[in-house]
Amino acid sequence: MAVLPILTYPDERLRKKAIPVQDIHSDRIRQLVKDMAETMYQAHGVGLAATQVDVHERVVVMDVSETRDTLHVLINPEIIWSSEHMRFSEEGCLSVPDIYDKIERAEEVTVRALNEKGESFELKASGLLAVCIQHELDHLQGRVFFERLSPLKRDRIKTKILKTHISTRRTDS
Ligand code: K1U
Ligand code: ZN
């Protein structure tokens, strides 16, 4: 297994739209899932989308358990139902370090996906798991969480990140 480098905003590769996995039973996908899980656990995240490790196929791993022993693997996930009821909750992102804000999302969702064995399953989620599913599926669409904020808030965050990005690049050279 390997810990993979996580892309950070404003890397343009985070904007790429992921395509469905075709070769679900391949060693490549089996290894990708293992490496993504290791990367997520090592980064202390509750989720990770393949986009974040520069693989533009529809693969997500998640574990919102306190004991860190309940891994969910979602291949070719699609949200098939969202509650009308919305809820704000605090989000962060491994690809957008040090930025946190309250994002409004559906309180409950049902996702349909394939597991590592290629079997189809449905998962109805609420709470942190529902937030995580929506956050990760946004990544697969090339979207990061703060782009769901108002244009004013989004621009403030972008400016803050770009300032840090430019000053870090200056001190690197
Ligand atoms: O995709 C990512 O960048 C991972 C991200 C997913 C996330 C899920 C739900 C809410 C916010 C973000 C994280 O894992 S952020 C870090 C984290 O460990 C965490 C976030 C919320 C609650 C508990 C932990
Ligand atoms: Zn994220």
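Here's what I pulled together on the structure shown here. (Residues numbered from 1 in each chain as written. Chains lettered and ligands numbered in written order. Predicted model: local features only at pLDDT ≥ 70, side-chain atom pairs only at ≥ 80, totals over all residues. Heavy atoms only, no water.)

### Let's talk about the sheet that holds strand β2 (residues 59–62)
Okay, step 1: Spatial ordering of the open sheet is given by β1-β2-β3-β6-β7, a layout of 5 strands whose pairing is antiparallel. Sheet topology places β1 (47–49) and β7 (120–126) at the edges, where each strand pairs with a single neighbour. Strand-to-strand twist of the sheet, defined as the mean angle between neighbouring strand axes without regard to direction, takes the value 40 degrees.
Okay, step 2: Relative to strand β6 (residues 108–114), strand β3 (residues 72–82) runs antiparallel, the two being bridged by 5 bridges. If you follow W81 over to β6, its bridge partner there is T110.
Okay, step 3: With respect to the sheet, helix α1 (residues 27–42) is in contact with β1, β2 and β3, its orientation differing from that of β2 by roughly 40 degrees.
Okay, step 4: Across the face of the sheet, helix α2 (residues 127–140) comes into contact with β1, β2, β3, β6 and β7 while running at roughly 120 degrees to β7. (Pairing = 2+ DSSP bridges. Helix = DSSP H or I, 4+ residues; strand = E, 2+ residues; numbered from the N terminus. Axes fitted to C-alpha atoms, helices over the stretch in contact; angles between N-to-C directions. Contact = heavy atoms within 4.5 Å.)

### A closer look at the packing of aromatic side chains
Okay, step 1: Within this structure, the stated rule accounts for 2 aromatic pairs.
Okay, step 2: Centroid distance Y9 to F146: 5.0 Å. Interplanar angle 80 degrees. Geometry classified as edge-to-face. Highlighted residues: Y9 in the segment before α1 and F146 in the loop between α2 and α3 (151–172), separated in sequence by 137 residues.
Okay, step 3: The class for Y9 is buried, based on a relative accessible area of 12%. (Phe/Tyr/Trp six-rings, centres within 6.5 Å; stacked < 30°, edge-to-face > 60°. Buried < 20%, exposed > 50% of the residue type's maximum accessible area, 1.4 Å probe, protein only.)

### Re the site of ligand 1
Okay, step 1: Around ligand 1, the surrounding shell holds 15 residues, and the nearest of these are H44, V46, Q52, L94 and E136.
Okay, step 2: One nitrogen or oxygen atom from the side chain of Q52 is found 3.0 Å from an oxygen atom belonging to ligand 1.
Okay, step 3: One of the backbone nitrogen or oxygen atoms of L94 is found 2.8 Å away from an oxygen atom of ligand 1.
Okay, step 4: Compared with its free state, where it exposes 510 Å², ligand 1 has 79% of that area covered by protein.
Okay, step 5: If one sorts the elements of the shell around ligand 1 by residue count, α2 sits on top with 6 residues.
Okay, step 6: For the shell around ligand 1, the class distribution of residues is 6 nonpolar, 7 polar and 2 charged. (Near = heavy atom within 4 Å. Polar contact = N/O pair within 3.5 Å; in protein donor to acceptor, adjacent residues only side chain to side chain. Areas by Shrake-Rupley, 256 points an atom, 1.4 Å probe, with all protein chains shown as cover. Nonpolar A, V, L, I, M, F, W, Y, C, P; charged D, E, K, R; others polar.)

### Quick notes on the nonpolar core
Okay, step 1: One finds V60, M62, L74, L129 and I133 to be the most contacted residues of the largest nonpolar core, which totals 17 residues.
Okay, step 2: Within the residue set of this core, elements represented by two or more residues are β2, β6, β7 and α2.
Okay, step 3: Those residues in contact with L74, other than ones at most four positions away along the chain, are R58, V59, V60, M62, V111, A113, L114 and F121.
Okay, step 4: Counting residues in hydrophobic clusters, the runner-up holds 16 residues, among them I29, V53, V59 and V73. (Core = buried A, V, L, I, M, F, W, Y, C linked by side-chain atoms within 4.5 Å.)

### Concerning the coordination of the zinc ion (ligand 2)
Okay, step 1: Within the protein, the zinc ion (ligand 2) binds to C93 (SG), H135 (NE2) and H139 (NE2); these donor distances fall in the range 2.1 to 2.2 Å.
Okay, step 2: Sequence spacing among the residues donating to the zinc ion (ligand 2) works out to C-x41-H-x3-H. With a gap of 42 residues between them, C93 in the loop between β4 (86–91) and β5 (101–106) and H135 in helix α2 connect regions that are remote in the sequence. (Donors = N, O, S within 2.8 Å, 3.2 Å for Na, K, Ca; no water.)

### Notes on the pattern of salt bridges
Okay, step 1: Scanning the model with the defined rule gives 14 salt bridges in all.
Okay, step 2: Residue E107 pairs with R87 through a salt bridge whose shortest N-O separation is 3.7 Å. Note that E107 is positioned in the loop between β5 and β6 and R87 in strand β4, a separation of 20 residues in sequence.
Okay, step 3: Between R105 and D138 there is a salt bridge whose closest N-O contact spans 3.0 Å. In this pair, R105 sits in strand β5 while D138 sits in helix α2, placing the two residues 33 residues apart along the sequence. Accessibility assignment for this pair places R105 and D138 in one class, buried.
Okay, step 4: One salt-bridge network, held together by shared partners, links E91, R105, D138 and R148. (Salt bridge = Lys/Arg side-chain N within 4 Å of Asp/Glu carboxyl O.)

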